[in-house]
Amino acid sequence: MANVVVVGAQWGDEGKGKIVDWLSERADVICRFQGGHNAGHTLVIDGTVYKLHALPSGVVRGGKLSVIGNGVVLDPWHLLGEIETIRKQGVEITPETLMIAENTPLILPFHGELDRAREEAASTGTKIGTTGRGIGPAYEDKVGRRVIRVADLADDATLEARVDRALQHHNPLRKGLGVDEIDRDALIAQLKEIAPKILEYAAPAWKVLNEKRKAGNRILFEGAQGALLDIDFGTYPFVTSSNVIAGQAATGVGMGPGAIDYVLGIVKAYTTRVGEGPFPSELFDADGDRLGTRGHEFGTTTGRKRRCGWFDAALVRQTCAISGINGICLTKLDVLDGFETLKICVAYDLDGKRLDYLPTAADEQARCKPIYEELEGWSESTEGARSWADLPAAAIKYVRRVEELIECPVALLSTSPERDDTILVTDPFAD
Ligand code: GDP
Ligand code: IMO
Ligand code: MG
């Protein structure tokens, strides 16, 4: 199989970055197809830590083409800063190794300001707990046909007209929120200053990608966030503002659905969530603290503490279906070492009725109580295990039960943050 999509199957932070980096050895091109620098993907290679937000996780390998697709919203100042940081770590980034789709919408400073102003103004219960990076407002402008896109940076008159169009919407909005109007000339000057630095990476990515595919190149699509943060299928309104599920990979770069041969879902061996919103298997006890401490569950982007809970098989069964997941990578199995007993949520109790999926209505989601199955834990260490043979019997039993419950096979297992502490069961790229 030629092309693989990697998507998160929970609430994000499943370990997508590590696995995209690991798989990128087998790929020629790595593309981001949605989200922005709200994502935080951590890679650990021989002890060196790389934190990526806007750059695709294949960038560290060298010799690959990394693409930021049109489905992404891109903060150009952030990107230039991230390129510098990663370059300082010894990674080569040039227009030969990084391409930005010309039709990618830009996140501008007023998007972040609006995002944060709204969150500050929101009362308890209505706050989303966003990353404050302007993701939602930028996507709103894209759909509202007033966003500035990468290609607009190439022509001064077009750029100025686009800025005016955006300000026509944003200045009255800011006035209503009690925020200063945007300084048009200063913004245009700022944009003109960075234009050449961004444009050197700009290209009709859809064309290049389709040509690469025809030439037999292998493409790896890197999702951000996770299916439960999807704008349509997530726990709305506590979601991000893009489609994050596998179907988005095609539209987010400009390829047909037939270009996708395999969908790999990344699934943490337990559950975490950062930000507000329902979370049926959330723990508020010592077990939850233990997961958070052992798993170092702090956000890569905002440093916030992630909420932790038991593995929710009902949710992952649902997201495997929605993303058409062919196989999963179960990550952070090592974090479960040493628990005497493990619990897996298999269904919900909603007002006395058993439900095997998460309902859509927000009030019903909030009332769903987890129904657990208990499994025996293991005392041995699985940290750094690189083969099935290194896993204790109880850990294998846990993995097998997860597969049964989510109705999807395990293709890969991850047992530490390090690139090579990964167990390959089925190669997603294999024909
Ligand atoms: P992403 O957003 O899906 O790429 O995930 P993040 O990078 O935000 O969060 C996953 C965290 O877990 C990172 O700090 C990784 O280094 C780490 N990680 C990934 N896989 C494993 C694993 O198998 N075991 C452990 N202990 N940590 C892991
Ligand atoms: P990666 O790619 C976890 C969450 C935020 C918030 C909601 C909306 O690292 O898995 P936004 O800023 O997108 O408008 O915030 O989505 N969120 C993430 N949670 N991992 C992420 O990305 C996330 N990106 C956004 O915490 O609840
Ligand atoms: Mg993350």
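Cut-off values and rules
Residues numbered from 1 in each chain as written. Chains lettered and ligands numbered in written order. Predicted model: local features only at pLDDT ≥ 70, side-chain atom pairs only at ≥ 80, totals over all residues. Heavy atoms only, no water. Domains from an automatic or database assignment. Contact = heavy atoms within 4.5 Å. Buried area = accessible area lost by both parts, 1.4 Å probe. Salt bridge = Lys/Arg side-chain N within 4 Å of Asp/Glu carboxyl O. Nonpolar A, V, L, I, M, F, W, Y, C, P; charged D, E, K, R; others polar. Pairing = 2+ DSSP bridges. Helix = DSSP H or I, 4+ residues; strand = E, 2+ residues; numbered from the N terminus. Polar contact = N/O pair within 3.5 Å; in protein donor to acceptor, adjacent residues only side chain to side chain. Near = heavy atom within 4 Å. Areas by Shrake-Rupley, 256 points an atom, 1.4 Å probe, with all protein chains shown as cover. 1 Å grid on protein atoms, 1.4 Å probe; cavity = no way out; pocket = protein on both sides within 12 Å on 5 of 7 lines; lining within 4 Å. Sits in = over half its atoms within 2 Å of the grid points. Expected span 1.5 Å × (residues − 1). Buried < 20%, exposed > 50% of the residue type's maximum accessible area, 1.4 Å probe, protein only. Donors = N, O, S within 2.8 Å, 3.2 Å for Na, K, Ca; no water. Phe/Tyr/Trp six-rings, centres within 6.5 Å; stacked < 30°, edge-to-face > 60°. Points joined across faces, edges and corners; volume = space filled by probe spheres on them.

Moving on: the domain arrangement of the protein chain. For the protein chain, the assigned domains read domain 1 (4-103 + 202-262), domain 2 (109-198) and domain 3 (267-424). Between the C-alpha centres of domain 2 and domain 3 there is a distance of 37 Å. At the interface, six residues of domain 2 touch five residues of domain 3. Of the roughly 380 Å² buried where domain 2 meets domain 3, counting both sides, 51% is carbon and sulfur surface. Where domain 2 packs against domain 3, one counts zero salt bridges. Here the residues of the side of domain 2 that touches domain 3 are counted per class, giving one nonpolar, three polar and two charged.

Turning to the pairing of strand β4 (residues 48-52), a few remarks are in order. Pairing of strand β3 (residues 41-45) with β4, which is carried by five bridges, proceeds in the antiparallel orientation. Paired with Thr42 across the two strands is Lys51, which belongs to β4. Between the antiparallel neighbours β3 and β4 lie two residues, among them Asp46 with a positive phi of about 50°.

Within the fold, Glu403 resides in helix α12 (residues 393-406). Side-chain polar atoms of Glu403 contact the backbone nitrogen of Val410, separated by 2.7 Å. If sequence neighbours within four positions are ignored, Glu403 has contacts with Cys408, Pro409 and Val410.

Bringing the site of ligand 2 into the picture now. Around ligand 2 lies a shell of 20 residues, among which Asp13, Lys16, His41, Thr131 and Thr240 are the nearest. The contact in question runs from an oxygen atom of ligand 2 to an N or O atom on the side chain of Thr240, over 2.6 Å. Isolated, ligand 2 exposes 550 Å² of accessible area, and the fraction of that covered by the protein chains is 98%. Taking a 2 Å distance to the grid points as the criterion, the majority of the atoms of ligand 2 fall inside the largest pocket. Partitioning the shell around ligand 2 into residue classes produces seven nonpolar, 10 polar and three charged.

Our next topic: α12. The end-to-end C-alpha distance of α12, which contains 14 residues, comes to 20 Å, matching closely the 20 Å that a straight helix rising 1.5 Å per residue would cover. Along α12, the positions that sit buried rather than exposed are Ala394, Ala395, Tyr398, Val399, Val402, Glu403, Leu405 and Ile406. Summarising the contacts, the buried residues of α12 are in contact with β12 (311-312), α10 (313-323), β13 (327-331), β14 (341-350), β16 (369-376) and β17 (410-414). A positive phi of about 60° marks Glu407, the residue just after α12.

Here the magnesium ion (ligand 3) is held by the protein donor atoms Asp13 (OD) and Gly40 (O), which lie 2.0 to 2.2 Å from it. Highlighted residues: Asp13 in the loop between β1 (4-8) and α1 (16-23) and Gly40 in the loop between β2 (29-32) and β3, separated in sequence by 27 residues. Each of the two residues, Asp13 as well as Gly40, counts as buried.

Our next topic: the environment of Ala202. Structurally, Ala202 can be placed in strand β7 (residues 202-203). Accessibility expressed as a relative area gives 22% for Ala202, which makes it partly exposed. Separated by 48 residues in sequence, Ala202 and Ala154 place their C-alpha atoms 10.0 Å apart. If we ignore the near neighbours within four places in the chain, the residues touching Ala202 are Ile100, Glu102 and Val150.

Bringing the pattern of salt bridges into the picture now. Summed over the entire model, instances satisfying the criterion amount to 26 salt bridges. Among the charged side chains, a network of salt bridges with common partners joins Asp156, Glu160, Asp164, Arg184, Asp185 and Lys192.

The next thing to look at is the packing of aromatic side chains. With the rule as written, the count across this model stands at three aromatic pairs. An angle of 50° between the planes, with centres 5.2 Å apart, marks the rings of Trp11 and Phe279 as tilted. Linking Trp11 in the loop between β1 and α1 with Phe279 in the loop between β10 (271-273) and α9 (286-294), this pair joins segments that are 268 residues apart in sequence. Of the residues examined, Trp11 reaches a relative accessible area of 3% and is grouped as buried.

All right, on to the layout of surface pockets then. Counted as a void, the largest pocket has a volume near 790 Å³. Forming the walls of the largest pocket are 43 residues, and the residues nearest its centre are Ile128, Thr130, Val239, Thr240 and Ser241. Those elements giving two or more residues to the lining of the largest pocket turn out to be α3 (109-121) and α4 (135-143). Sort the elements by how many residues they give to the lining of the largest pocket and α4 lands first, with six residues. Among the residues forming the lining of the largest pocket, the class breakdown is 15 nonpolar, 17 polar and 11 charged. In this structure, the second largest pocket is lined by 28 residues; those nearest its centre are Thr42, Gly295, His296, Lys332 and Pro417. Sorting the residues of the lining of the second largest pocket by element identifies α1, β3 and β4 as the ones contributing at least two each. Of the residues that constitute the lining of the second largest pocket, the class distribution is five nonpolar, 12 polar and 11 charged. Of the residues that make up the lining of the second largest pocket, three or more belong to each of domain 1 (4-103 + 202-262) and domain 3 (267-424).

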